[in-house]
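Structure at a glance
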Amino acid sequence: MSRPLLQLALDHTDLHHALRDVELLAGHVDIVEAGTILCLNEGLQAVRSLRTHCPDKIIVADWKVADAGEALAQQAFSAGANWMTVICAAPLATVEKAHQAAVQQNGEVQIELFGNWTFDDARAWHSIGIRQAIYHRGRDAQASGQSWGEADLARMKVLSEIGLALSVTGGITPESLTLFRDINVKAFIAGRALTTASQPQQVARAFHQQLTDIWGEY
Ligand code: 5RP
Ligand code: MG
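Residues numbered from 1 in each chain as written. Chains lettered and ligands numbered in written order. Predicted model: local features only at pLDDT ≥ 70, side-chain atom pairs only at ≥ 80, totals over all residues. Heavy atoms only, no water.

1. Things to note about unusual backbone geometry
- Positive phi values are uncommon outside glycine, yet K64 reaches one of about 50°.
- Within the fold, K64 resides in strand 3 (residues 58-65).
- Although it is not a glycine, N106 sits at a positive phi angle of roughly 60°.
- Mapped onto the secondary structure, N106 falls in the loop between helix 5 (92-104) and strand 5 (108-113).
- The exposure class assigned to N106 is exposed, which follows from its relative accessible area of 73%. (Helix = DSSP H or I, 4+ residues; strand = E, 2+ residues; numbered from the N terminus. Buried < 20%, exposed > 50% of the residue type's maximum accessible area, 1.4 Å probe, protein only.)

2. Description of the coordination of the magnesium ion (ligand 2)
- Looking at the magnesium ion (ligand 2), one finds its protein donor set to be E33 (OE) and D62 (OD), positioned 2.0 to 2.1 Å from the metal centre. Remark: D62 occurs in strand 3 and E33 occurs in strand 2 (residues 31-34); sequence separation between them is 29 residues. (Donors = N, O, S within 2.8 Å, 3.2 Å for Na, K, Ca; no water.)

3. Some details on the confidence of the model for the protein chain
- Looking at the protein chain as a whole, its pLDDT mean stands at 97, while 100% of the residues score no less than 70.
- Within the protein chain, helix 7 (residues 139-143) has the poorest average pLDDT of any element, 92, and strand 2 the best, 99. (pLDDT = per-residue confidence, 0-100.)

4. Comments concerning the site of ligand 1
- If you check the shell around ligand 1, you find 13 residues, and the closest are D11, K64, G171, G191 and R192.
- One of the side-chain N or O atoms of D62 is found 2.9 Å from an oxygen atom in ligand 1.
- Note that an oxygen atom of ligand 1 is positioned 3.0 Å from one of the side-chain N or O atoms of H136.
- Considered on its own, ligand 1 offers 370 Å² of accessible surface; in the complex 93% of this is hidden by protein. (Near = heavy atom within 4 Å. Polar contact = N/O pair within 3.5 Å; in protein donor to acceptor, adjacent residues only side chain to side chain. Areas by Shrake-Rupley, 256 points an atom, 1.4 Å probe, with all protein chains shown as cover.)

5. Quick notes on the side chain of S49
- With respect to the helices and strands, the residue S49 is situated in helix 3 (residues 45-53).
- Looking at S49, the relative accessible area reads 6%, which means it is buried.

6. Let's talk about helix 8 (residues 150-162)
- Look at helix 8: 19 Å from first C-alpha to last across 13 residues, which is about the 18 Å you get at 1.5 Å a residue.
- Summarising the contacts, the buried residues of helix 8 are in contact with strand 5, helix 6 (119-127), strand 6 (132-136) and strand 7 (165-169).
- In the stretch just after helix 8, G163 is the one whose phi turns positive, near 110°. (Expected span 1.5 Å × (residues − 1). Contact = heavy atoms within 4.5 Å.)

7. A word on the pairing of strand 3
- Within strand 3, six of the eight residues are buried, which leaves it mostly tucked inside the rest of the structure.
- Looking at chain direction, strand 2 and strand 3 are connected through four bridges and run parallel. Within strand 3, the position partnered with I31 by the bridge is I58.
- Sheet topology note: the strand 3/strand 4 (residues 83-87) ladder contains three bridges and is parallel. From the neighbouring strand, V65 faces strand 4, where its bridge partner is V86.
- Each parallel crossover has a hand, and the one from strand 3 via helix 4 (residues 69-78) to strand 4 is right-handed. (Pairing = 2+ DSSP bridges. Right-handed = clockwise from strand over helix to strand, strands pointing away.)

8. Describing the side chain of E33
- Among buried charged residues, E33 stands out as having no salt bridge; its nearest opposite-charge side chain is K64, 5.5 Å away.
- Ignoring any residue separated from it by four or fewer positions in sequence, one finds E33 in contact with Q7, L8, A9, L10, D11, L50, V60, D62 and I189. (Lys, Arg positive; Asp, Glu negative; His and termini not counted. Salt bridge = Lys/Arg side-chain N within 4 Å of Asp/Glu carboxyl O.)

9. As for the sheet that holds strand 3
- In space, the eight strands of this closed barrel follow the order 1-2-3-4-5-6-7-8, with parallel pairing throughout. The mean angle between the axes of side-by-side strands here comes to 30°, regardless of whether they run parallel or antiparallel. (Axes fitted to C-alpha atoms, helices over the stretch in contact; angles between N-to-C directions.)

10. Regarding the environment of T118
- Following the sequence through the fold, T118 ends up in the loop between strand 5 and helix 6.
- Take T118: its relative accessible area is 38%, and that puts it in the partly exposed class.

11. A few points about the nonpolar core
- M84, I111, W125 and F180 are the most contacted members of the largest nonpolar core, which totals 68 residues.
- In terms of residue count, helix 10 (residues 200-215) provides more of this core than any other element does, six residues in total.
- Setting aside residues no more than four positions away along its own chain, I111 makes contact with V86, C88, V95, W125, I130, Q132, A133 and I134. (Core = buried A, V, L, I, M, F, W, Y, C linked by side-chain atoms within 4.5 Å.)

12. Describing the environment of T173
- As for its position among the elements, T173 is in the loop between strand 7 and strand 8 (185-190).
- Considering only alpha carbons, one finds T173 and L159, 14 residues apart in sequence, at a separation of 23 Å.
- Apart from the residues lying within four places of it in its own chain, the contact partners of T173 are A193 and F207.

What follows is the structure in structure tokens.
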């Protein structure tokens, strides 16, 4: 198992504050995400601006696309994203259109796994060329008391066997990483743990210490 990457999710309501955290944290993370909340507030400019500020990072447009896969993928990748998210509830045709547009621009689509989806869905995504998914405990689910459990870990293992590289997110903290020690994780996505911390760089270092302790050096 290789060491997972660390992704910073920027779910700020304005670009100014998001960029302040980019300034503090870009050097500590591998991937920078234009979060859903930021993109709804600031539009395409969020992705464009992150590309300008982080020329060497993987940039994710977390748009959770449900329809118009081709048009939105063209917009996201033209603005500088490397990866764009599509919600698992989207029709397969939407996933396929988004994937084809992604491939044309050397990008990748990630399927956001919330709520209802099946392993047959996962096999169908894989069969049309999708290679990444995000295993997500939603903010609202977390707030209503949902925690990670054995069922999540078991489902993650099956998704890996199907051939999907998994990112894991939803209230992730440095302390929570040990839960996933037996899972093949491509990236941990952290938002609030970093952006609401009084010492964000210290928390980023704590993430890396945990990643090294569990999965070793890069
Ligand atoms: C919510 C998201 C967030 O970006 C993701 O959950 C990471 O944020 P946090 O660590 O604050 O949960 O996509 O839908
Ligand atoms: Mg997000």
